[in-house]
Amino acid sequence: QVQLVESGGGLVQTGDSLRLSCAASGRTFSNYARGWFRQAPGREREFVATISWNGGRRLYSDSVKGRFTISRDNAKNTIYLQMNSLKPEDTAVYYCAAARTSYSGSNNDEYDYWGQGTQVTVSS
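Because the structure is predicted, anything quoted here is derived from the model rather than measured. (Residues numbered from 1 in each chain as written. Predicted model: local features only at pLDDT ≥ 70, side-chain atom pairs only at ≥ 80, totals over all residues. Heavy atoms only, no water.)

**Q** Could you clarify how one ought to interpret the state of the cysteines in this entry?
**A** Simply put, disulfide is the name for a covalent bond between the sulfur atoms of two cysteines. Evaluated as defined, the whole model comprises 1 disulfide. Each disulfide pairs two cysteine sulfurs, and for C22 the partner residue is C96, the sulfurs being separated by 1.9 Å. Of the two residues, C22 sits in strand β3 (residues 18-25) while C96 sits in strand β9 (residues 92-99), which places them 74 residues apart along the sequence. (Disulfide = S-S within 2.5 Å. Helix = DSSP H or I, 4+ residues; strand = E, 2+ residues; numbered from the N terminus.)

In structure tokens:
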């Protein structure tokens, strides 16, 4: 059974940092694009970042560019999201995803596997 499990969320203050992890099991995702999305209360799920199979291509939403960094460790079947300079508007449930392509973009529909999410709350 394929599973993506996020961890690392929590309650932090404005300006703090967090590092999210997403571990995959059930198959290897080393050849798959991986991404992060988030959903705030009352809003649709939105794209945060994506990374190609070998880490050579990365794409970020404008709202997190320069503050967040996506990375991956294929030996561990895991991706990460380093979040710095957090703001209250970053508060959301963060989901990781995987796509059966070497690189995917910002559209939800491009991703085939999803985790259950981890809550990130940034207080002002």
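There is more to say, and it comes next.
**Q** Any chance you could explain the pattern of salt bridges here in plain terms?
**A** Side chains carrying opposite charge are able to pair once their charged atoms draw close together. By the definition in use, this model includes 5 salt bridges. A salt bridge links D112 to R100, with the shortest nitrogen-to-oxygen separation between them at 3.3 Å. Here the residue D112 occupies a position in the loop between β9 and β10 (113-114), and R100 occupies one in the loop between β9 and β10, the gap between them amounting to 12 residues. Within the structure, one salt-bridge network assembled from shared partners comprises R38, E46, R67 and D90. (Salt bridge = Lys/Arg side-chain N within 4 Å of Asp/Glu carboxyl O.)

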